[in-house]
Amino acid sequence: MKARRMTHVRNQTLLFVGLALFTFVNLVPLIWAALTSIKNPADAFTVPPTIIFQPTLEYHREVWVDRGFVHYLINSLIVSAGTLLISVPIGSLAAYALSRMPQRRASPILFGLFTIRMFPHMLMAIPFFVMGSFLNLIDTYPLLIAALVAINQPFTIWLMYSFFLDIPRELDEAAAIDGCNVWQTFRIVILPLARPGLTVAALFSLLLSYNEFLFALVLTGIRTKTLPVAIASFGGEDVSDWSISAAGAIGIMLPIVLIMIFVQRHFVRGLTIGAVKG
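Residues numbered from 1 in each chain as written. Predicted model: local features only at pLDDT ≥ 70, side-chain atom pairs only at ≥ 80, totals over all residues. Heavy atoms only, no water.

Draft legend 1. Representation of unusual backbone geometry within the structure. Here the phi dihedral of Asn136 falls at roughly 60 degrees; this positive angle occurs in a residue that is not glycine. By the element assignment, Asn136 lies in the loop between helix 6 (121–134) and helix 7 (141–165). For Asp139, which is not a glycine, the phi torsion comes out positive at approximately 65 degrees. Residue Asp139 is classed as buried on the basis of its relative accessible area of 13%. (Helix = DSSP H or I, 4+ residues; strand = E, 2+ residues; numbered from the N terminus. Buried < 20%, exposed > 50% of the residue type's maximum accessible area, 1.4 Å probe, protein only.)

Draft legend 2. Up close: the packing of helix 8 (residues 170–177) against helix 9 (residues 182–193). Taken N-terminus to C-terminus, the directions of helix 8 and helix 9 make an angle of 150 degrees; their axes are 10 Å apart at the nearest point. Looking at the two axes, helix 8 sits roughly antiparallel to helix 9. In the packing of helix 8 onto helix 9, the handedness of the crossing is right-handed. When helix 8 is examined against helix 9, the residues Leu171, Asp172 and Ala175 are found in contact with a partner set consisting of Thr185, Val189, Ile190 and Leu193. Its residues assigned to classes, the contact of helix 8 with helix 9 comprises five nonpolar, one polar and one charged. (Axes fitted to C-alpha atoms, helices over the stretch in contact; angles between N-to-C directions. Parallel < 35°, antiparallel > 145°, perpendicular 65-115°, else oblique. Left-handed = near helix turned anticlockwise from the far one by under 90°. Contact = heavy atoms within 4.5 Å. Nonpolar A, V, L, I, M, F, W, Y, C, P; charged D, E, K, R; others polar.)

Draft legend 3. Quick peek at helix 5 (residues 103–118). Helix length check: helix 5 (16 residues) gives 22 Å between terminal C-alpha atoms against 22 Å at 1.5 Å per residue, within 8%. Taken residue by residue, helix 5 has Ala106, Leu110 and Leu113 as its buried positions. Down the axis, helix 5 shows its buried residues gathered within 60 degrees of arc, on one side only. Across from the buried face of helix 5, at angles greater than 90 degrees, the exposed residues are Arg104, Pro108, Phe111 and Met118. (Expected span 1.5 Å × (residues − 1). Arc of directions from axis to C-beta.)

Draft legend 4. Examining the nonpolar core more closely. Residues Ala95, Leu98, Ile157, Met160, Tyr161 and Phe164 are the most contacted members of the largest nonpolar core, which totals 22 residues. Those elements that place two or more of their residues in this core are helix 4 (69–99), helix 5, helix 7, helix 9 and helix 10 (195–210). Not counting residues within four places of it along the chain, the set of residues in contact with Ile157 comprises Gly91, Ala94, Ala95, Leu98, Leu110 and Leu113. Grouped together as the second largest cluster of nonpolar side chains are 15 residues, Val79, Ile145, Leu148 and Leu219 included. (Core = buried A, V, L, I, M, F, W, Y, C linked by side-chain atoms within 4.5 Å.)

Draft legend 5. Spatial organisation of helix 9. An ideal rise of 1.5 Å per residue puts 16 Å on twelve residues; helix 9 measures up with 16 Å between its terminal C-alpha atoms. All of the buried residues along helix 9 are Thr185, Phe186 and Ile190. Buried positions in helix 9, seen along its axis, are confined to an arc of 90 degrees and lie on one side of it. Buried-residue contacts for helix 9 involve helix 4, helix 7 and helix 8. Sitting at the amino-terminal end of helix 9 is Asn181, which places a side-chain oxygen 3.2 Å from the backbone nitrogen of Trp183. (Polar contact = N/O pair within 3.5 Å; in protein donor to acceptor, adjacent residues only side chain to side chain.)

Right under this line is the structure:
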């Protein structure tokens, strides 16, 4: 008994050390960017790194005020919200229908969606650019939102499909006996049970669209440029621009960090639902 307890403690210690090292390695770039954003270029790139320095918020002010960061942030939020509001409802309806189909009929459709998701983004960016040019939609929100919905929809369907599979089909039958049609069953009975999954799907859809670079680079212009494209245009050839780029990188993370703080509990519950069944 004592040996088993010592083994358990040792395994827990090794797991904790491993997770601590993994977390530290992942946080180093963020810490480095945060420090670079408040350093003058003379302090930011000294070898060895300068530990004691006079911090400055000048580059954050320049990013938010002089470089039009707020405008690009609003563009990113509009595109992300539009993608989320279209992708999640359509993906949920499709996933629910697939989850109630026989496996032999649903599997080819799911495989086709998975194959589409594996396509290189550039392969789909070119047709969207040609279509947008023909319809005079380049540098507009609808075109970018439509493109992001197209590339993110397979992921949303796959994610929601797994959640709907965990909901017993007997609930559908019970709702039908009570007089509910298919739409009422989905809206009143199934959807509330899948709320944790909806939270996860919404967050991933938001993150994927918020951080998208290639489609935003190809399909946007001055009016609808999003944050990833804007930060890339801040420049990095001159050493003095690196602090500005670092300040922009910190700024682009802030909205996502705030959102994750508010929805963390629901996000974790959504990721772990179905792990334990009783």
